[in-house]
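In case you want the letters, here they are:
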Amino acid sequence: GWKEDLNLSYEVVPAEVSAAAYLDTIHAGRQEPILLVGHSKGGHLAIYAAAACREEIRSRITRIFDADGPGFGRGMIEQLDLYSLRDKIIRIIPVFSVIGCLLEPVAEARIVDSTETLLMQHYPLSWKVKGGDFVYCGEVDRRAVKAEKILEEWLEKLDADERKRFIDELFDILGAAGSDSLKDVMRGNLHDYR
C-alpha cells in the first residue's frame, strides 16, 4: 500500500475507486445514516468514497472520521467538490504528523498528543486518551511542519511523470532492501540484500 499512497499525489488509484464502489454496494437499498471511519490511507479513502459515491448514499453520510490520512491534490479537491464535505469531516492528526499533512487537507485538524515520537506517532494506539476523548494539543510539532513544507515544495516541482518515475524507483530500492513496513524504515530494520 505504500506505493499506492504516494501515487495519490498524481492519480486516482484503484483503492479510491474500490472504496466508492464498496460504499455504493454495501448501502444500496438501505435507509439508515452512514458513518465513515478510516486511519491513514483509510481516512483518505473514507473522504474520497463519500464524494464519489451515488448521491442517495452521500446524502445519508452524517460523519467522516479521518485519522491522520493524507489529503488530496488540488485538482481532485475541485473535481469532486470535496470542500462541500467539510462540515461532516472530523480530522484528527498527532502532534508530529507527516502522513496526515501530505497533500491538501479537506478539513481543519484536531491535534492529539501521543506516547510515541516522530513518525511513530502515526499509529493511533499511541494517541493519548482521557475521560473518553483524546488529549488534544495546540499545534503540530515544528519539525513536522518543516518536513511537510519540504515534501510540499518537492511535490510541486515534479510533474505527474516525474513523480511516477521517482516513486517507482524508490519502491524498487526499498523492495531490494527488504523493507516491509514504515517501522522497518524508521528503525533501520532493512534486510541485507547482498
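Treat the numbers as computed from the prediction; the structure is a model and nothing was measured.

A. Broad picture of the packing of helix α2 (residues 14–26) against helix α3 (residues 41–52). α3 packs onto α2 with a crossing angle of 60 degrees between their chain directions and a minimal axis gap of 8 Å. Classified by the angle between their axes, α2 and α3 sit oblique to one another. Like other packed secondary-structure pairs, α2 and α3 cross with a definite hand, here right-handed. Residues Ala15, Glu16, Val17, Ala19, Ala20 and Leu23 of α2 touch α3, and the partners they reach there are His44, Leu45, Tyr48, Ala49, Ala50 and Ala52. Across the contact of α2 with α3, the residue classes break down as 10 nonpolar, one polar and one charged.

B. View of empty space enclosed by the protein. Enumeration over the complete set of coordinates arrives at one cavity of 30 Å³ or more. Around the largest cavity sit Ile47, Asp66, Gly69, Pro70, Gly71, Phe72, Ile89, Arg91, Pro105, Val106 and Ala107, which together line it. Considered class by class, the residues forming the lining of the largest cavity number seven nonpolar, two polar and two charged.

C. Structural context of unusual backbone geometry. Within the chain, Ser40 stands out as a residue other than glycine whose phi angle is a positive 60 degrees. Tracing the backbone through its elements, the reader meets Ser40 in the loop between β1 (34–39) and α3. Phi at Leu118 takes a positive value of approximately 45 degrees, unusual for a residue other than glycine. Here Leu118 shows up in the loop between β4 (109–112) and β5 (129–130). Classification of Leu118 by relative accessible area gives partly exposed; the value is 34%.

D. Highlighting the pairing of β1. Here β1 shows one buried face, formed by Ile34, Leu36 and Gly38, and one open face, formed by Leu35, Val37 and His39. Sheet topology note: the β1/strand β2 (residues 61–67) ladder contains six bridges and is parallel. By the bridge assignment, His39 is partnered in β2 with Ala67.

What counts, and where the lines are drawn
- Residues numbered from 1 in each chain as written.
- Predicted model: local features only at pLDDT ≥ 70, side-chain atom pairs only at ≥ 80, totals over all residues.
- Heavy atoms only, no water.
- Axes fitted to C-alpha atoms, helices over the stretch in contact; angles between N-to-C directions.
- Helix = DSSP H or I, 4+ residues; strand = E, 2+ residues; numbered from the N terminus.
- Parallel < 35°, antiparallel > 145°, perpendicular 65-115°, else oblique.
- Left-handed = near helix turned anticlockwise from the far one by under 90°.
- Contact = heavy atoms within 4.5 Å.
- Nonpolar A, V, L, I, M, F, W, Y, C, P; charged D, E, K, R; others polar.
- 1 Å grid on protein atoms, 1.4 Å probe; cavity = no way out; pocket = protein on both sides within 12 Å on 5 of 7 lines; lining within 4 Å.
- Points joined across faces, edges and corners; volume = space filled by probe spheres on them.
- Buried < 20%, exposed > 50% of the residue type's maximum accessible area, 1.4 Å probe, protein only.
- Pairing = 2+ DSSP bridges.

The values are spatial; any link to function lies outside them.
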